Amino acid sequence: MRSVTDPATLLERDVEIGLVDEVVTAAQGGSGRILLIEGEAGIGKSTLLRHAIAAASRRGIPTLSARGNDLERHYPFGVVLDLLGRTVQRATRRDALFTGAAALAEPIFTGGTGASTGASTGAGAVADPFATLHGLFWLTLAVSNGDPLVMVVDDAHWVDDASLRYLAYLGQRIEDLPIALLLAQRPGEGAATVEPGAALRRLPGVVRLEPQRLSPAATEALMERAGAGVDRPMAQKVWASTRGNPFLTVELTRALTESDDRALSDSDPSAIPERVTLAIRSRLHQLGDAPRRLAEAIAVLGENVTLRQAATLANLDDALAGDAARRLVDASILDAFGSLAFIHPLVRDAVYTSIPSAVRAADHRRAADVLQAAGVAPESVAVQLLAAERRADARVVDVLEQAAAAATASGAPALSQTYLRRAIEEPPSADRRPRILLNLARANAALGTDLAVARYQEALAEIDDPHQRAEVLLELGHTLINAVQWETATDIFEKGLEELSAIGEHDSDLASRLEAGFVSAAFVSLTRRGKAEELLARMLSQSRIDPAHRELAVWAAFQRTAAVTSTADEMRELVDRTLGGAAPEELVRQGQIVEVACGVLLSTDALDHELDLLNRSLEAVQRLGSEAKFGVYSYCRAWPHYYTGHLAEAIADAQAAIRAAELGWETFYPATCSVLGWALIERGELDQAEQAVTLDAERWSERLDYQLLVPITRGRVALERGRLDEAVAQFRQAQRGGERTGLKTPVPPDWRSWLAIALAGLGRRDEAIAVAEEGLELAERWGARWPRGVALRAAGIAHGDERGLDLLHQAEEQLSTGPARLEYARTMLERGAALRRSGRTREARGALSEAADLLHRMGATGLLRRAADELAAAGARPRRYAVRGVEALTPSELRVARLAAAGRTNREVAQSLFVTPKAVEYHLANAYRKLGIGGRAQLGGALGDAGGGASV
């Protein structure tokens, strides 16, 4: 009888086959696609995947394949290892595969730990999942080597979480790759019901295919192909019973053919799967003892085992096992394609569930011994132990702890939690229990579960050593902060300090970290503020901030900046003292130090210093492969790029951050969309700016950046379009957001300057002046030159008379020597317009011409158009600024061209920007055409001054 998974059995699948062939053909042509095949068990998903493999083989395209199963979904990156592992093992030069960013993935294949961008408080380094995914992506490209590749994953509903994230990461970029990704899953089962499995359906360009049930005629034809002599009534009954499911049709036909009783009852079709299960079990038992034992051993071990391992568990010698395997293939129990895989998951289920539960538990325990003796990874052994009987065996606890550590190191805390829970159930010895509880608490905390606090308390109850208790209390305190339980966190940090004080330990790194936690929690919870103020004053008075206090110090600087309770010079000095010349690799691993420090520097006259810090930090996270941090720092850098007039760079940075958000990063997402909108406004692209901040209010409305920056952006768009009442309403909404949070800092949420301009435009001078004077008072108190210049400009526009002209002149002087070149150009434009309105056209033309030249170099085409209109009104003939050469490049094209001009290869550019090589090729081809050059060697000369600053 021919197997239902044989492509030759395909019936009524012309549409489905056409889609499969189209995806494979597209990959051959260099355009990657994703085909997601979804349907019930037995509907033919696996058959279509086999057709894809055959189609690829006919075209000479290599294929990588893997299959999820419910047993191995607890093995982190298990499907990734199936997909790529054999290629890695066969490689004559593994170092050639793991070059550049691909090296970040090597620990997955060697059993080491992944790249880390964050330090854990006692749990060891935790792999950065973004870095691991980035490394796997580049490893996939290395395996492909630029040639077409077909990747097939069956039973994706049982794929482990870490592998699903890899598939989603690859899927987001596959359009630019010669790779076809075909996935099959049952909807509503396994990981497909939650993220990221459901995310596979939402990937850009994904094609979903749902194979249809067979018609009565096709059912009859399939039964005939299966070797049954059937008549029309019998076929009709089978079709009604199986509802046209191909697998059930073949198995039911087999059962009817092999049975003396050819009758088929008209019972509920839902009973048919059970009948098929019984038939499979009967067929298996008819094969004899050795095939049955081997099939049961494979069902227990999982399909990624050797015949020797399965034979050992089944107590069969090699000869008997080989003969048994052949007989299982002939009986359509095992697949005929070389691996120890069942012909269908339903067959495996029928075999596995036929083993009594108590026997299964004992078999899983024996299977763990077999795999451990074979030297497989602890994770594979642990998978068996999850279903094994409990014996209070210390060796079991060893394996589970090792597997948990590996899961943590590979960025899979959910699996670590699973292994450690099982270790507690074994149970462990009394001396090991506290450590396991502590690691379980850490895994819980990494997942953000409420159980973490209880687990920490359980561990503390069994720990006597004061120093260790203080370490655990430090972790617990930070867990409580993450759970927004600030007052309780304050108590916990204080208890940790008391534990150290009891043993006379006052000046250690641990004490410093407990003090930092106590101060931050006390300030937010408004408890024990006196002690917190005393500790903070002592920390900040040091000539060099202790590394353990760095994050607290920059947060203190940020809070004082936000509330304008200090000065720009003082806060810049504090940030400089806090960073203390530390290497970027060190800083990026310390929480939010870099981004918070940059939030302070942005409001000072140190924009160039901020850009340097961010450039170096971005280079560090690129080496580490962290797209999450890359998104954070790209967002941060968009603001100084904006204010310094590098609008193309600001847009490119914001777009890079938004791409990172597609992977789940969303720390500053509304703010990122806002800075993108601001830069687009300056370029006159109002529709695009408005679209940038068209966000889901239900999802984002509680966020501070949504409440402050999004309405400012919308208000600015309305202001540019002359809808002044709407603009005022939006700026007032931003004002309410600022008042709710106590945020007063003049930049970037400078709603006062924009509100004053809108009110002045409506002729509401008194209101405009009041708002502008409030902003000016804050800027004077803060003391930075360029925020003061912006506030003076707003006051000048609000007054609108000779007093206004004087204020605009002061604003221009403030901004003329500062870093905020965009604000300087805008101020010259406003002063020139005011001079023109006052009849001083000669002075106006000088200011407007200078402003126009500067705005042209910045690419601020929106402001440039206004400058041209003002020049024409002043009686001058505006220059014509042709859009050609460098000016014609998009932000992404300019960024790629700069990096290429600096000597980076396409691969290096792609890795540094977290894009595909094809995207780099596309941008460079466009840049060559717009610059009128023939290739890379001419880029430096064609870019001229724009080629400087080739940092990513």
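Bear in mind the structure is a predicted one, so any value in this text is a computation, not a measurement.

About the thresholds
Residues numbered from 1 in each chain as written. Predicted model: local features only at pLDDT ≥ 70, side-chain atom pairs only at ≥ 80, totals over all residues. Heavy atoms only, no water. Helix = DSSP H or I, 4+ residues; strand = E, 2+ residues; numbered from the N terminus. Rg over C-alpha atoms; globule rule 2.2 N^0.38 Å. Buried < 20%, exposed > 50% of the residue type's maximum accessible area, 1.4 Å probe, protein only. Contact = heavy atoms within 4.5 Å. Areas by Shrake-Rupley, 256 points an atom, 1.4 Å probe, with all protein chains shown as cover. Lys, Arg positive; Asp, Glu negative; His and termini not counted. Charge placed at Lys NZ, Arg CZ, Asp CG, Glu CD. Axes fitted to C-alpha atoms, helices over the stretch in contact; angles between N-to-C directions. Parallel < 35°, antiparallel > 145°, perpendicular 65-115°, else oblique. Left-handed = near helix turned anticlockwise from the far one by under 90°. Nonpolar A, V, L, I, M, F, W, Y, C, P; charged D, E, K, R; others polar. Expected span 1.5 Å × (residues − 1). Salt bridge = Lys/Arg side-chain N within 4 Å of Asp/Glu carboxyl O. Pairing = 2+ DSSP bridges. Disulfide = S-S within 2.5 Å. Phe/Tyr/Trp six-rings, centres within 6.5 Å; stacked < 30°, edge-to-face > 60°. Lys NZ or Arg CZ within 6 Å of the ring centre and 35° of its normal.

K.L.:
A description of the overall build of the protein chain should follow, citing residues and the corresponding values.
P.N.:
Across its full length, the protein chain carries 48 helices and five strands. Here the C-alpha radius of gyration of the protein chain, 33 Å, is about what a compact globule of 952 residues would show, namely 30 Å. Seen through its C-alpha atoms, the protein chain measures out along the principal axes to roughly 110 × 75 × 55 Å. The proportion of buried residues among the 952 residues of the protein chain is 57%. Restricting to contacts in the protein chain with at least 6 residues of sequence separation, those with at least 24 account for 68%. Surface summary for the protein chain: the accessible area is close to 37,500 Å², and the carbon and sulfur share equals 49%. Separation of charge centres in the protein chain, based on 108 positive and 126 negative side chains, amounts to 4 Å.

K.L.:
Now, about the packing of helix 1 (residues 14–28) against helix 2 (residues 45–58): what can you tell me, with residues and values included?
P.N.:
Contact pair helix 1 / helix 2: the axes reach a minimum separation of 10 Å and the direction vectors enclose 45°. Relative to helix 2, the element helix 1 is oriented oblique. Our pair here, helix 1 against helix 2, has a crossing hand that is right-handed. Contacts between helix 1 and helix 2 involve Glu16, Ile17, Val20, Asp21 and Val24 from the first element and Leu48, His51, Ala52, Ala55 and Ala56 from the second. When grouped by side-chain class, the residues that make up the contact of helix 1 with helix 2 number seven nonpolar, one polar and two charged.

K.L.:
So what's going on with helix 16 (residues 357–373)? Which residues, and what values?
P.N.:
Counted at 1.5 Å a residue, the expected span for helix 16 with its 17 residues is 24 Å, and the 24 Å between its end C-alpha atoms agrees. Every buried residue of helix 16 is accounted for by Arg360, Ala361, Asp363, His364, Arg365, Ala367, Ala368, Val370 and Leu371. Looking at the packing, one finds that the buried side of helix 16 touches helix 12 (289–301), helix 13 (307–314), helix 15 (345–353), helix 17 (378–386) and helix 18 (394–409). Phi for Gly375, located one or two positions after helix 16, is positive at around 80°.

K.L.:
Can you explain the packing of helix 20 (residues 433–447) against helix 21 (residues 451–461)? Please cite residues and give values.
P.N.:
Between helix 20 and helix 21, the least distance of the axes is 8 Å, while the angle of their chain directions is 160°. Viewed along their axes, helix 20 and helix 21 adopt a mutual orientation that is roughly antiparallel. By crossing handedness, the relation of helix 20 to helix 21 is classed as left-handed. Touching Arg433, Pro434, Leu437, Leu438, Leu440, Ala441, Arg442, Asn444 and Ala445 of helix 20 are Leu451, Ala452, Arg455, Tyr456, Glu458 and Ala459, all from helix 21. Looking at the contact of helix 20 with helix 21 residue by residue, the classes come out as ten nonpolar, one polar and four charged.

K.L.:
With reference to specific residues and values, describe the pattern of salt bridges.
P.N.:
Taken as a whole and assessed by the stated rule, the structure comprises 64 salt bridges. A salt bridge links Arg213 to Glu40, with the nearest nitrogen and oxygen atoms 2.9 Å apart. Taken together, the positions of Arg213 in the loop between strand 5 (207–209) and helix 8 (216–225) and Glu40 in the loop between strand 1 (33–38) and helix 2 put the pair 173 residues apart, joining distant regions of the chain. Its relative accessible area of 38% is what places Arg213 among the partly exposed residues. Given a relative accessible area of 33%, Glu40 falls into the partly exposed group. In this structure, Glu462 and Arg433 form a salt bridge, with 2.9 Å as the shortest nitrogen-oxygen distance. Taken together, the residues span a long stretch of sequence, with Glu462 in the loop between helix 21 and helix 22 (466–482) and Arg433 in helix 20 at a distance of 29 residues. When its relative accessible area of 32% is taken as the criterion, Glu462 is described as partly exposed.

K.L.:
Any details on the sheet that holds strand 1? Residues and values, ideally.
P.N.:
Read across the sheet, five strands follow the order 2-3-4-1-5 without closing on themselves; strand pairing throughout is parallel. If you trace the sheet from one side to the other, it starts and ends with strand 2 (63–67) and strand 5, each paired once. Here the strands of the sheet are splayed against their neighbours by 15° on average, with no regard to which way each runs. In this structure, strand 3 (residues 149–154) lies alongside strand 4 (residues 179–185), joined through five bridges in parallel fashion. Across the sheet, the residue bridging to Val153 is Leu183, located in strand 4. Across the sheet, helix 7 (residues 161–173) lies against strand 1, strand 3 and strand 4, angled at about 145° from strand 3, the strand it touches most.

K.L.:
Outline unusual backbone geometry, supporting the account with residue identities and numerical values.
P.N.:
A cis amide bond links Glu426 to the next residue, Pro427, at an omega of -5°. The topology assignment puts Pro427 in the loop between helix 19 (413–425) and helix 20. Phi at Asn315 is positive, roughly 60°, even though this residue is not glycine. Mapped onto the elements of the fold, Asn315 is located in the loop between helix 13 and helix 14 (318–330). Of note in the backbone geometry, Ser332 takes a positive phi value of approximately 60° without being a glycine. Inspection of the secondary structure puts Ser332 in the loop between helix 14 and helix 15.

K.L.:
Quick one: what's the story with the state of the cysteines, residue by residue and with numbers?
P.N.:
Chemically, a disulfide is nothing more than a covalent bond linking the sulfur atoms of two cysteines. All told, the structure shown has zero disulfides when counted by the stated rule. This cysteine, Cys636, is not joined by any disulfide, and Cys598 carries the nearest cysteine sulfur, 5.5 Å off. What makes Cys636 buried here is its relative accessible area of 6%. Left without a disulfide partner, Cys673 is nearest to the cysteine sulfur of Cys636, which lies 15 Å away. Using a relative accessible area of 2% as the deciding quantity, one classes Cys673 as buried.

K.L.:
Help me get a handle on the packing of aromatic side chains, residues and values and all.
P.N.:
In this structure the tally under the stated criterion is twelve aromatic pairs. Consider the rings of Phe137 and Trp138, whose centres lie 5.6 Å apart with planes at 90°: the pair is edge-to-face. With a centroid separation of 5.1 Å and 90° between ring planes, the pair formed by Trp639 and Trp678 is classed as edge-to-face. Here Trp639 is found in helix 31 (residues 627–643), whereas its partner Trp678 is found in helix 33 (residues 669–682), with 39 residues between them in sequence. The same class applies to Trp639 as to Trp678, namely buried. Clustering of aromatic rings is evident, with ring pairs tying together Trp639, Tyr642, Tyr643, Trp678 and Trp786. Sitting over the ring of Phe518, Lys531 keeps its end group 5.1 Å from the ring centre. Across the ring face of Trp678, the terminal group of Arg716 is positioned such that the distance to the ring centre comes to 5.2 Å.

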